[in-house]
Amino acid sequence: MILPPFEYVECTSIEEVIDALGDGDSDRDARIVAGGTVVVPMMKHDLLRPDVLVSLERVAGLEGVEQSNGEITIGALARHREVSRSESVREAAPMLAQACGLVASPVIRSMGSLGGNLCYGESASDPSPVLLALNARLHVSGPNGTRTVPIEDFFVGFYETAVGPEEVLTHVEIPRQPRESRWTYRKWTPRAREDKPLIGLAATIRPDGAARLAVGGINPTPVLLGSASVRASDSDLSEREVNDIADAAAAEVDPFEDLQGSEEYRREMVRVWVGRVLRALREVEVDR
Amino acid sequence: MPRVTDAGAQMTPTVGIRCVVNGKTIEDSVEPRTSLVDYLRHGVGLTGTHVGCEQGVCGMCTVLVDGVAAKSCLMLAPQADGHEIRTIESVAPGEELHPLQEALRDHHGLQCGYCTPGFVMTALALKDSGAACDEATLRAELSGNLCRCTGYQNIVTAVAEFLGVEEHPA
Ligand code: FES
Ligand code: FES
């Protein structure tokens, strides 16, 4: 397949990237390419027809995972495979390692970057609900400097994020999680396991009881389940309480529909999986 | 300075690349819109790497980039710059088959053979990574390669034999 022509710019610094992206207002559509697993297929489907592709591959400082005091910083260019295997992530945010290890198929995981996954703005993303549950912060650079976006403000619409056309996501920060937090990520794919999740549900319960449940693949964006998060905070939930919380979560969501499932089916899956996750967390032995 | 396409007087701008393909250094200029698989097939003349879905799903186009398996339909030719690419042509350059190819033949791990180069490159990357591997890992690692003929079992058996992984009957 032959794509329409475009210009290719390979940058070595964030400043060059911002320069190459232009002001975001002109008719010239500039897009960032990292691992290529999203932008290239979208161009082949003619969903994107950029005039310029700005490659991040050689930009310094976007790689790798760092840990200090239990706080994790992940460069936007870190590949899913690298994140899933990182000792620091496995130790401080094991749920993120697990979710990154479930994205698509192995080769795609070693090509596609975590930053690209987030900037795609896909609701049915494995890492996105996990980062919501972990309360991550995202660092975005643009012509007016650098800003920090709390993950709850990051997903603004169907395939739409807070990153402007003139901006670039540089890294993801995950605050220290208290020791002895309980966590789980569950992904349900009705067809093949390398598919996107029909529902991806992430939950953490801290030792003080504070809970965060987040879901991907249901609403047009990945979202926190507010009411369920508050009510899951009670320790030792009875079976009846679990069912009530699952019902409340199903009532709270606003599902989209596609060929994989109707609105009703997605809502029902929220009920089913919130229940499963809460029951699983009840049984998790805290050994960290 | 960023490396940019040289629009010059040409209709379709090109960009210079320098990479190593199967041990040979190549210097060329390519149109950015060329995918790496198309460049390998049409630019370098290595037609052993196949093209299926062209969107990262089927694994037909799998090559090694610096020793790691990559789907070359998702890479643009300029992204090969500075890297070392290995394709199926490097696997058994002489008359003898590579032991993995031998195993695939012995176990009837191919019928039409269209998917075979992709499976071979994926399995070689797995072997070279040196990671501990059991049958479940092996199956998971091959999950990004599709085969429309064999039903996979014989491919798994051949790759398991090649990697020295013990298979457990279902
Ligand atoms: S042709 Fe590249 S994955 Fe299908
Ligand atoms: S042998 Fe025909 S597609 Fe695999």
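The structure under discussion appears in the preceding block.
The notes below deal with the structure included here. Going along each chain's sequence as written, the residues are numbered from 1 onward. All chains are assigned letters beginning at A, and all ligands numbers beginning at 1, according to the order in which they are written. Under the rules for a predicted model, residues below a pLDDT of 70 receive no local features and side-chain atom pairs below 80 are neither given nor counted, while totals for whole chains, interfaces and linings still include all residues. By convention in this description, side-chain values take in all heavy atoms of the structure and omit both hydrogens and water.

## Re the interface of chain A and chain B
Piece 1. Only heavy atoms enter the contact rule, under which two residues are in contact if any of them lie within 4.5 Å. Taken together, the 34 residues of chain A in the interface contact 32 residues of chain B.
Piece 2. When a carboxyl oxygen of Asp or Glu lies within 4 Å of a side-chain nitrogen of Lys or Arg, that pair is called a salt bridge. Counting the contacts that link chain A with chain B gives 2 salt bridges.
Piece 3. We call two N or O atoms a polar contact when they sit within 3.5 Å, provided that within protein one can donate a hydrogen and the other can accept it, with sequence-adjacent residues counted only if both atoms are side-chain atoms. Summed over the shared surface of chain A and chain B, the number is 8 residue pairs in polar contact (both at pLDDT 80 or more).
Piece 4. Among the elements that line the side of chain A that touches chain B, the one with the most residues is helix α6 (residues 106-111) of chain A, at 5 residues.
Piece 5. Considered class by class, the residues forming the side of chain A that touches chain B number 18 nonpolar, 6 polar and 10 charged.
Piece 6. With 2 bridges connecting them, strand β1 (residues 7-10) of chain A and strand β1 (residues 3-4) of chain B associate as antiparallel partners. Bridge pairing links Val-9 of chain A to Val-4 of chain B in β1 of chain B. Numbering of helices and strands starts at the N terminus; helices are DSSP runs of H or I of at least 4 residues and strands are runs of E of at least 2. Ten residue types, Ala, Val, Leu, Ile, Met, Phe, Trp, Tyr, Cys and Pro, are classed as nonpolar, four, Asp, Glu, Lys and Arg, as charged, and the remainder, Gly among them, as polar. Pairing between strands is defined by DSSP: at least two bridges between the two strands are required.

## Thoughts on the nonpolar core
Piece 1. Counting residues in hydrophobic clusters, the biggest one holds 60 residues, and the most contacted among them are Leu-53 of chain A together with Leu-36, Ile-85, Leu-100 and Val-120 of chain B.
Piece 2. The residues contacting Leu-53 of chain A, other than those within four sequence positions of it, are Phe-6, Glu-7, Tyr-8, Val-9, Arg-31, Val-33, Val-39 and Met-43 of chain A together with Leu-76 of chain B.
Piece 3. Buried Ala, Val, Leu, Ile, Met, Phe, Trp, Tyr and Cys residues form a nonpolar core when they are joined through side-chain atoms within 4.5 Å. Type-normalised accessible area, obtained with a 1.4 Å probe on protein chains alone, sets the label of each residue: buried when under 20%, exposed when over 50%, and partly exposed for intermediate values. In terms of nonpolar packing, the next biggest core, distinct from the first, is built from 34 residues, Ala-76, Ala-92, Leu-114 and Phe-154 of chain A among them.

## Let's talk about the packing of aromatic side chains
Piece 1. Note on ring pairs: Phe, Tyr and Trp rings are taken, using the six-membered ring of Trp, and paired if centres are within 6.5 Å. Classes follow the plane angle, with under 30 degrees stacked, over 60 edge-to-face and the rest tilted. This model, assessed by the stated rule, comprises 5 aromatic pairs over all chains.
Piece 2. Here the aromatic residues Tyr-120, Phe-158, Tyr-159 and Phe-256 of chain A are joined through ring pairs into a cluster of three or more.
Piece 3. Criterion for a charge above a ring: Arg CZ or Lys NZ at most 6 Å from the ring centre, at most 35 degrees from the ring normal. The ring of Phe-162 of chain B carries Lys-127 of chain B above its face, with NZ or CZ at 4.9 Å from the centroid.

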